[in-house]
Amino acid sequence: MYKLVFLTNLTTLALAAAASVDGGNGFDGRWALDKKAGNSATTPMLDDLRQNIKAKGSNISVDSTFTEPTNGMAPLLYLGIMVTNVQLNSSGSETINQVGPFVQTLRTTIDGNKMDTEWVAKYTSGEEVKGHWTRTLSDDGRRMKLEIKQSSATGPTGTATLNFVKK
């Protein structure tokens, strides 16, 4: 009887320790764009996008690598996605990132397998671009869908659905 209780407690502690190693956040890990998974976008797709997501407490760091567009211009749809590093905070508090000539203000929340980020980027001229990212994990945690919505007062609205696989 005591051995059973001891083993149960030991197993519970091991699972808790494993969860705390990755910050208890299923989004943690290395993600690669799955080119076979039915991605769609209103502008040209990103080539070879990879994201490394790391959480420490409520702070989340998203490091991205990708092949630069041949014309050197990134569509506004991918503002904040096509940068080397973006800092988020899952508590819903505001974070600020410099993205080229834009200052991007973001608010992020996580609810189970869903991470939502609402953002506004202001250009040095005062122009604003607004967007929303929704990252959703599959039940097994091996796939992630990133839905992107972007709009500005002077330009077209953009949307994309990008599917990632955990590496």
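Everything here concerns the structure above.
Residues numbered from 1 in each chain as written. Predicted model: local features only at pLDDT ≥ 70, side-chain atom pairs only at ≥ 80, totals over all residues. Heavy atoms only, no water.

(A) Quick look at the packing of aromatic side chains. For the coordinates displayed, the defined rule picks out two aromatic pairs. Residues F102 and Y123 carry aromatic rings whose centres are separated by 5.1 Å and whose planes lie at 50 degrees to one another, so their mutual orientation is tilted. Placement of the pair is F102 in strand 7 (residues 102-111) and Y123 in strand 8 (residues 114-123), with a sequence separation of 21 residues. Their ring planes at 45 degrees and their centres at 5.9 Å tell us that W119 and W133 sit as a pair that is tilted. A residue pair is termed long-range when its members are at least 10 positions apart, and W119 in strand 8 and W133 in strand 9 (residues 128-137) qualify at 14 residues. Side by side, W119 and W133 carry an identical accessibility label, which is buried. (Phe/Tyr/Trp six-rings, centres within 6.5 Å; stacked < 30°, edge-to-face > 60°. Helix = DSSP H or I, 4+ residues; strand = E, 2+ residues; numbered from the N terminus. Buried < 20%, exposed > 50% of the residue type's maximum accessible area, 1.4 Å probe, protein only.)

(B) Focus on the pairing of strand 9. Across nine bridges, the pairing between strand 8 and strand 9 is antiparallel. Of the residues in strand 9, the one forming a bridge with D116 is T134. The hairpin turn running from strand 8 into strand 9, its antiparallel successor, is four residues long, and G126 in that turn takes a positive phi close to 105 degrees. Summarising the sheet, strand 9 and strand 10 (residues 143-152) pair through nine bridges and their orientation is antiparallel. Each residue of the ladder has a partner; that of W133, found in strand 10, is I148. Linking strand 9 to strand 10, which pair antiparallel, is a turn of five residues; within it G141 sits at a positive phi near 75 degrees. (Pairing = 2+ DSSP bridges.)

Keep in mind that these numbers describe shape and distance, not what the molecule does.
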